[in-house]
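# An overview of the molecular structure
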Amino acid sequence: QVQLQESGGGLVQAGGSLRLSCAASGLTGSTYAMGWFRRAPGKEREFVGTISWDSSSTYYSDSVKGRFTISRDNAKKSVYLQMNSLKLEDTAVYYCATDLGRSRNWYTPSRAGEYAYWGQGTQVTVSS
């Protein structure tokens, strides 16, 4: 059974930083894209960023571009989200996800429907 587990969420002041981690288990191989999504109170789940299986390509939403950085470690089957210059509007539950694999090395999906497995989420709260 494939499982994804996020960690690293918490309470941080605006302008601060947090690093989220997501560890996957039950996945075979490394050729799968990984991404981060978030859901703020009263809003739909939205795309945050994604990284291709070999880390050759990344793609971010305009709202986080320049502030967030995605990285991955295939040996650990993990993906990370470094969040800097956090804003109040970044408050949300953050989810990591993976696709089914067999991805091209440039593949960086941004639609939720392109992912197959999801974690339970980790809460990030930004205060003033």
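Our structure is the block above this text.
A brief structural summary. The shown structure was predicted, so the numbers you read here are calculated from the model rather than taken from an experiment. (Residues numbered from 1 in each chain as written. Predicted model: local features only at pLDDT ≥ 70, side-chain atom pairs only at ≥ 80, totals over all residues. Heavy atoms only, no water.)

### Side note on the nonpolar core
- With 26 residues, the main nonpolar core has Trp-36, Phe-68, Val-79, Leu-81, Met-83 and Tyr-94 as its most contacted residues.
- Counting residues per element, the ones that place at least two in this core are β3 (18-25), β4 (34-39), β5 (46-51), β7 (68-73), β8 (78-83), β9 (92-98) and β11 (122-127).
- When residues of this core are assigned to their parent elements, the largest contribution, 4 residues, is made by β3.
- Each residue touching Phe-68, except ones within four places of it in the same chain, is listed here: Arg-38, Val-48, Tyr-60, Leu-81, Gln-82, Met-83, Asn-84, Leu-86, Asp-90 and Tyr-94. (Core = buried A, V, L, I, M, F, W, Y, C linked by side-chain atoms within 4.5 Å. Buried < 20%, exposed > 50% of the residue type's maximum accessible area, 1.4 Å probe, protein only. Helix = DSSP H or I, 4+ residues; strand = E, 2+ residues; numbered from the N terminus. Contact = heavy atoms within 4.5 Å.)

### Description of the state of the cysteines
- What the rule picks out here adds up to 1 disulfide.
- Disulfide pairing is shown between Cys-22 and Cys-96; the S-S distance is 1.9 Å. Between Cys-22 and Cys-96 the sulfur-sulfur dihedral comes to about 50°; the bridge is accordingly right-handed. Taken together, the positions of Cys-22 in strand β3 and Cys-96 in strand β9 put the pair 74 residues apart, joining distant regions of the chain.
- By relative accessible area, which is 0% here, Cys-96 ends up buried. (Disulfide = S-S within 2.5 Å.)

### Focus on unusual backbone geometry
- One non-glycine residue, Ser-55, lies in the positive phi region at around 65°.
- By the element assignment, Ser-55 lies in the loop between β5 and β6 (58-60).
- For Ser-55, a relative accessible area of 35% translates into the label partly exposed.
- Backbone geometry at Ser-85 places phi at a positive 50°, although glycine is not the residue there.
- Inspection of the secondary structure puts Ser-85 in the loop between β8 and β9.

### Looking at the side chain of Thr-98
- As for its placement among the helices and strands, Thr-98 is situated in strand β9.
- Residues in contact with Thr-98, not counting those within four places in the same chain, are Leu-4, Leu-27, Tyr-32, Ala-33, Met-34, Tyr-115, Ala-116 and Tyr-117.

### Quick word on the environment of Tyr-32
- Note that Tyr-32 resides in the loop between β3 and β4.
- Since its relative accessible area comes to 2%, Tyr-32 is described here as buried.
- Along the primary structure Tyr-32 and Thr-98 are separated by 66 residues, whereas in three dimensions their C-alpha atoms are 6.4 Å apart.
- When residues no more than four places from it in sequence are discounted, the contact partners of Tyr-32 are Leu-27, Trp-53, Arg-72, Lys-77, Thr-98, Asp-99, Gly-101 and Ser-103.

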